[in-house]
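Chain by chain, the residues run as shown.
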Amino acid sequence: METGTQVYAYWSCGEGLVVSVHLDTGEVPGDLISPDGTIPIRITANGECVFSAD
């Protein structure tokens with residue numbers, strides 16, 4: 001299932017880079033959630049992976 005997504009990224013003093021994701025459905029699709037309840041994330045800058053969490 002495809003859904004519309006809005007992603008906001010901003011720098012917050014004391015927190016660093018904050019990425020906020022808002023899905024049109026309001027719910028994270030089950031196939032994106034890992035067995036431990038987390039969502040894998042990869043952040044790239046200029047095509048290079050700078051952060052990855054599985």
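Attention here is on the structure that accompanies the text. (Residues numbered from 1 in each chain as written. Predicted model: local features only at pLDDT ≥ 70, side-chain atom pairs only at ≥ 80, totals over all residues. Heavy atoms only, no water.)

### Some thoughts on the layout of surface pockets
Note the threshold: Residues are called lining when one of their atoms sits within 4 Å of a cavity or pocket point, these points coming from a 1 Å grid over the protein atoms alone, where a cavity is a set in which a 1.4 Å probe fits but cannot get out and a pocket is an open set with protein on both sides within 12 Å along at least five of seven lines. Grid points are joined across faces, edges and corners, and a volume is the space filled by probe spheres set on the points. Going along the chain from the N terminus, every DSSP run of H or I of four or more residues is numbered as a helix, and every run of E of two or more is numbered as a strand. Each residue is assigned to one of three groups, with Ala, Val, Leu, Ile, Met, Phe, Trp, Tyr, Cys and Pro labelled nonpolar, Asp, Glu, Lys and Arg labelled charged, and all others, Gly among them, labelled polar.
In this structure, the largest pocket occupies an estimated 330 Å³ of space. Taken together, 14 residues form the lining of the largest pocket, with V19, V21, I39, P40 and I41 sitting closest to its centre. Where the lining of the largest pocket is concerned, the elements lending two or more residues are β2 (16-23) and β3 (41-45). A breakdown of the residues in the lining of the largest pocket according to their chemical character gives nine nonpolar, three polar and two charged.

### Observations regarding the environment of A45
You can see A45 is positioned in strand β3. Between the C-alpha atom of A45 and that of V19, which follows or precedes it by 26 residues, the distance is 14 Å.

### Points about the pairing of strand β1 (residues 5-12)
Defined as follows: Any two strands between which DSSP finds at least two bridges are classified as paired.
Of the strand pairs in this sheet, β1 and β2 are connected by eight bridges, and their pairing is antiparallel. Residue pairing for β2: W11 is matched across the bridge by L17. Connecting the antiparallel pair β1 and β2 is a turn made up of three residues, with G14 showing a positive phi of about 90 degrees.

### Points about a nonpolar patch on the surface
This is how it is decided: Only residues above 30% relative accessible area that lack a salt bridge enter a patch, with like-charged residues linked at up to 9 Å and the nonpolar side chains Val, Leu, Ile, Met, Phe, Trp and Tyr linked at up to 5 Å. Throughout, the Shrake-Rupley method with a 1.4 Å probe supplies accessible areas, and for residues the shown protein chains are the sole cover considered. Salt bridge, as applied in this entry: a Lys or Arg side-chain nitrogen positioned within 4 Å of an Asp or Glu carboxyl oxygen. The buried label goes to any residue with under 20% of its type's maximum accessible area, the exposed label to any with over 50%, and the partly exposed label to all in between, with areas taken from a 1.4 Å probe on protein chains only.
Nonpolar side chains collect at one region of the surface, where V28, L32, I33, I39, I41, V50 and F51 lie side by side and expose about 580 Å² of accessible area between them. Its location among the elements puts V50 in strand β4 (residues 48-53). When its relative accessible area of 55% is taken as the criterion, V50 is described as exposed.

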